[in-house]
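Results of the structural survey
Okay, here's what each chain looks like letter by letter:
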Amino acid sequence: MADRFVYHCTLRWSDLDAYGHVNNARFLTLYEEARVAMMFAGGRAWGVDSFADGVVIRRHEVDYLRPIDYALGRATAEAAPTVRIELWVEQIRAGSFTVAYELYDGEVLASTARSVLVPFDLTAKRPRRINDDERTFLLSYAPAGGPG
């Protein structure tokens, strides 16, 4: 597999539900933070700014494998607990791409997910095709042999 994008996301007290676990809906927020870091900061580092001009979600799938506690034992005075999110590009089509994720609580896999994203022209209010620079950037996070 090509390089995965790895993002360490800080948990917030507001991420918790009444049981003291990260709320299932907040998993999408954690995945979003990692995806935005890859596409906007990572893309910009590659010279690809166009994702910041518009990308919309077509679909999310999330599998919850185990609950995540806020884990005060892992927190310090300087830092809240974090989770590690690894993401990669699973598929690229002419007008969409699929990002896959694994979310780790310490070394334990806590969730897997995928999102189908569509580049979007916000001015024209319509989907657009993936350009060559975007495709090259996305391929850098695709499995060896290219996305399926």
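Okay, so let's go over this structure. (Residues numbered from 1 in each chain as written. Predicted model: local features only at pLDDT ≥ 70, side-chain atom pairs only at ≥ 80, totals over all residues. Heavy atoms only, no water.)

Observations concerning the pattern of salt bridges
For the coordinates displayed, the defined rule picks out 12 salt bridges. For Arg 4, the salt bridge identified is with Glu 86, shortest N-O distance 2.9 Å. Taken as a pair, Arg 4 in the segment before strand 1 (5–10) and Glu 86 in strand 3 (residues 82–92) lie far apart in primary sequence, 82 residues in all. Residue Arg 114 pairs with Glu 61 through a salt bridge whose shortest N-O separation is 3.8 Å. Of the two residues, Arg 114 sits in strand 5 (residues 108–121) while Glu 61 sits in strand 2 (residues 55–64), which places them 53 residues apart along the sequence. Judged by its relative accessible area of 32%, Arg 114 falls in the partly exposed class. Given the relative accessible area of 32%, Glu 61 is considered partly exposed. (Salt bridge = Lys/Arg side-chain N within 4 Å of Asp/Glu carboxyl O. Helix = DSSP H or I, 4+ residues; strand = E, 2+ residues; numbered from the N terminus. Buried < 20%, exposed > 50% of the residue type's maximum accessible area, 1.4 Å probe, protein only.)

Quick notes on the nonpolar core
Met 38, Ile 85, Phe 97 and Leu 103 are the most contacted members of the largest nonpolar core, which has 31 residues in total. Looking at this core, the elements that each hand over two or more residues are strand 1, helix 1 (24–45), strand 3, strand 4 (97–105), strand 5 and helix 2 (132–139). Ranked by the residues each element gives to this core, the list is headed by helix 1, at seven residues. The contacts of Ile 85, once residues within four sequence positions are left out, are Phe 5, Val 6, Tyr 7, Cys 9, Leu 30, Tyr 31, Ala 34, Tyr 101, Glu 102 and Leu 103. (Core = buried A, V, L, I, M, F, W, Y, C linked by side-chain atoms within 4.5 Å. Contact = heavy atoms within 4.5 Å.)

Brief notes about the environment of Ala 110
Take Ala 110: it is sitting in strand 5. Each C-alpha atom of the pair Ala 110 and Arg 66 lies 5.0 Å from the other, and the pair is 44 residues apart in sequence. Once you skip the residues sitting within four places of it in the chain, Ala 110 turns out to touch Asp 63, Tyr 64, Leu 65, Arg 66, Ile 68, Leu 103, Tyr 104 and Asp 105.

Considerations on helix 2
When helix 2 is considered as a whole, its buried residues turn out to be Glu 134, Phe 137 and Leu 138. Taken end-on, helix 2 shows its buried residues confined to a sector of 95 degrees, consistent with a single buried face. Opposite the buried face of helix 2, at more than 90 degrees from it, the exposed residues are Asp 132 and Asp 133. If you follow the buried residues of helix 2, they end up packed against helix 1, strand 3 and strand 4. (Arc of directions from axis to C-beta.)

Points about unusual backbone geometry
For Lys 125, which is not glycine, the phi dihedral falls at a positive 55 degrees. You can see Lys 125 is positioned in the loop between strand 5 and strand 6 (126–127).

Brief notes about the pairing of strand 5
Alignment of strand 2 against strand 5, held across nine bridges, turns out to be antiparallel. What sits directly across from Glu 61, in strand 5, is Arg 114. Summarising the sheet, strand 4 and strand 5 pair through nine bridges and their orientation is antiparallel. Residue pairing across strands places Glu 102 opposite Thr 112, the latter belonging to strand 5. In this structure, strand 5 lies alongside strand 6, joined through two bridges in antiparallel fashion. Among the inter-strand pairings, Phe 120 is bridged to a residue of strand 6, identified as Pro 127. Between strand 5 and strand 6, which follow one another and run antiparallel, lie four residues, and Lys 125 among them has a positive phi close to 55 degrees. (Pairing = 2+ DSSP bridges.)

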